[in-house]
Amino acid sequence: YQEITALLLSGELDAAWICGFPFVQHADKLALVAVPLYRKKPLYESYIIVPANRAVTRWEELKGDIHAFSDPDSNSGYLVTAALLAQSELTPGTFFSKTFFTYGHRNVIRAVASGLSQSGSVDGYVWDVMSAREPELVSQTKVLRRSEELGFPPIACLRTNLDTEEIEQLADALVSISKNETGRKVLSMLQLDGFAVEPETTYAGIAAKYELVQRK
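Residues numbered from 1 in each chain as written. Predicted model: local features only at pLDDT ≥ 70, side-chain atom pairs only at ≥ 80, totals over all residues. Heavy atoms only, no water.

A.B. asks: If you had to explain the overall build of the chain to someone new, which residues and values would you point to?
C.D. replies: Scanning the chain for helices and strands turns up 10 helices and 11 strands. The C-alpha atoms of the chain give a radius of gyration of 18 Å, which matches the 17 Å a tight globule of 216 residues would have. When its C-alpha atoms are laid out on the principal axes, the chain stretches across 55 × 40 × 25 Å. When burial is assessed residue by residue, the chain has 49% of its 216 residues classed as buried. Across the chain, contacts joining residues at least 24 apart in sequence account for 78% of those joining residues at least 6 apart. Accessible area of the chain: about 10600 Å², with a carbon and sulfur share of 51%. Side-chain charges in the chain split into 21 positive and 27 negative, and the spacing between the mean points of these groups amounts to 9 Å. (Helix = DSSP H or I, 4+ residues; strand = E, 2+ residues; numbered from the N terminus. Rg over C-alpha atoms; globule rule 2.2 N^0.38 Å. Buried < 20%, exposed > 50% of the residue type's maximum accessible area, 1.4 Å probe, protein only. Contact = heavy atoms within 4.5 Å. Areas by Shrake-Rupley, 256 points an atom, 1.4 Å probe, with all protein chains shown as cover. Lys, Arg positive; Asp, Glu negative; His and termini not counted. Charge placed at Lys NZ, Arg CZ, Asp CG, Glu CD.)

Okay, here's the thing in structure tokens:
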């Protein structure tokens, strides 16, 4: 995530599909090009997952766990859980016995399924898609907690490039992707409904979590 964001901020990339967390971190420099629609909304959830056979019902019972995060710049794979803990005056370092980053949501699922970690924070969209594509793996885990709906990882560009012809063409192509056969195949592969132009307030919930964690 850090490498892609750095390339975007330096102008080496015209646009990139990034996470909502780096988008709000660099809100003064980045702008929305388009937002994916998942289940017909520009929103998704973060899941806390545990082994399928683990007898827990509340996130508070995970105290002392070895916990797997996806990426330090991931909203669903880090920030949401960090903010949840911050609401109770806790941090990942004080609540869990150990944490580590897998640098991939699939790897979080693998870590929990294999017993490498006792719990994990993962992108709900990824878990849902993988539950259909890799049921043998995902069925070894279960969702303990679902977050509220938050802004889906967006396509972003530099604010200074937002009104350029290239970015406008990209936005138009994404918004109209469902109008041709190739585009529909791409959407089917991604299990998305399309892309839309959405207001930046879509990411207000993520921004609030970032501010909360920053204060702790």
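A.B. asks: Go over the sheet that holds strand β10 (residues 155–158), please, and point to the residues and values.
C.D. replies: The antiparallel open sheet is built from four strands, whose spatial order is β1-β10-β2-β11. Looking at the sheet topology across the chains shown, the edges are occupied by β1 (16–17) and β11 (194–196). Taken strand by strand, helix α1 (residues 2–9) contacts β1, β2 (30–37) and β10, and its axis lies near 40° from that of β10. Across the sheet, helix α8 (residues 165–175) is in contact with β2, β10 and β11; its angle to β2 comes to roughly 15°. (Pairing = 2+ DSSP bridges. Axes fitted to C-alpha atoms, helices over the stretch in contact; angles between N-to-C directions.)

A.B. asks: Lay out helix α3 (residues 75–86) in plain terms, naming residues and giving numbers.
C.D. replies: Side chains of residues three or four places apart in an α-helix project in the same direction, reflecting 3.6 residues per turn. The first and last C-alpha atoms of α3 sit only 14 Å apart over 12 residues, clearly below the 16 Å expected at 1.5 Å per residue. The buried fraction of α3 amounts to 12 of the 12 residues, a majority that puts the element mostly inside the structure. Turning to α3, its buried residues number three or more, namely N75, S76, G77, Y78, L79, V80, T81, A82, A83, L84, L85 and A86. Two or three places before G77, at the opening of α3, S74 has a side-chain oxygen 2.8 Å from that residue's backbone nitrogen. (Expected span 1.5 Å × (residues − 1). Polar contact = N/O pair within 3.5 Å; in protein donor to acceptor, adjacent residues only side chain to side chain.)

A.B. asks: Break down the sheet that holds strand β5 (residues 66–69) for me, with residues and values.
C.D. replies: The mixed open sheet is built from five strands, whose spatial order is β6-β5-β7-β4-β8. Whereas interior strands pair on both sides, the edge strands pair on one side only; in this sheet they are β6 (98–101) and β8 (141–146). The average angle at which neighbouring strand axes cross in this sheet is 30°, direction not considered. The pairing of β5 with β6 spans four bridges and is classified as parallel. Considered in β6, the bridge of H67 is made with T99. Contacts from α3 reach β4 (46–51), β5, β6, β7 (119–123) and β8, with the element oriented near 120° to β7. Here helix α6 (residues 124–133) sits on the sheet and contacts β4, β7 and β8; the angle it forms with β7, its principal contact strand, is near 90°.

A.B. asks: So, the state of the cysteines: which residues are in play, and what are the values?
C.D. replies: Tallying each qualifying case throughout the model produces zero disulfides. Its sulfur unpaired, C157 is 17 Å from the next cysteine sulfur, which belongs to C19. A relative accessible area of 0% means that C157 is categorised as buried. (Disulfide = S-S within 2.5 Å.)

A.B. asks: Can you explain empty space enclosed by the protein? Please cite residues and give values.
C.D. replies: This structure, assessed with the given rule, holds one cavity of 30 Å³ or more. Of the volumes computed, that of the largest cavity is approximately 30 Å³. As for the largest cavity, its lining consists of I48, W59, L62, T81, L85, F95 and F96. (1 Å grid on protein atoms, 1.4 Å probe; cavity = no way out; pocket = protein on both sides within 12 Å on 5 of 7 lines; lining within 4 Å. Points joined across faces, edges and corners; volume = space filled by probe spheres on them.)

A.B. asks: I'd like to hear about the packing of aromatic side chains, residue by residue, with values.
C.D. replies: In this description, a pair of aromatic rings is defined by centroid distance and the angle of the planes. All told, the structure shown has 15 aromatic pairs when counted by the stated rule. Each ring, one from Y38 and one from Y125, has its centre 4.9 Å from the other, and the planes form 75°; the classification is edge-to-face. Linking Y38 in the loop between β2 and β3 (43–44) with Y125 in helix α6, this pair joins segments that are 87 residues apart in sequence. Both residues of the pair, Y38 and Y125, count as buried. A centroid spacing of 6.1 Å and a plane angle of 50° characterise the contact between Y38 and F152, whose relative ring orientation is tilted. Linking Y38 in the loop between β2 and β3 with F152 in the loop between β9 (150–151) and β10, this pair joins segments that are 114 residues apart in sequence. Look at F152 and you get buried, because its relative accessible area is 1%. Connected via pairs of aromatic rings, a cluster forms that spans W59, F69, Y78, F95, F96, F101 and Y103. Sitting over the face of the ring of Y47, R146 holds its NZ or CZ atom 4.8 Å from the ring centroid. (Phe/Tyr/Trp six-rings, centres within 6.5 Å; stacked < 30°, edge-to-face > 60°. Lys NZ or Arg CZ within 6 Å of the ring centre and 35° of its normal.)

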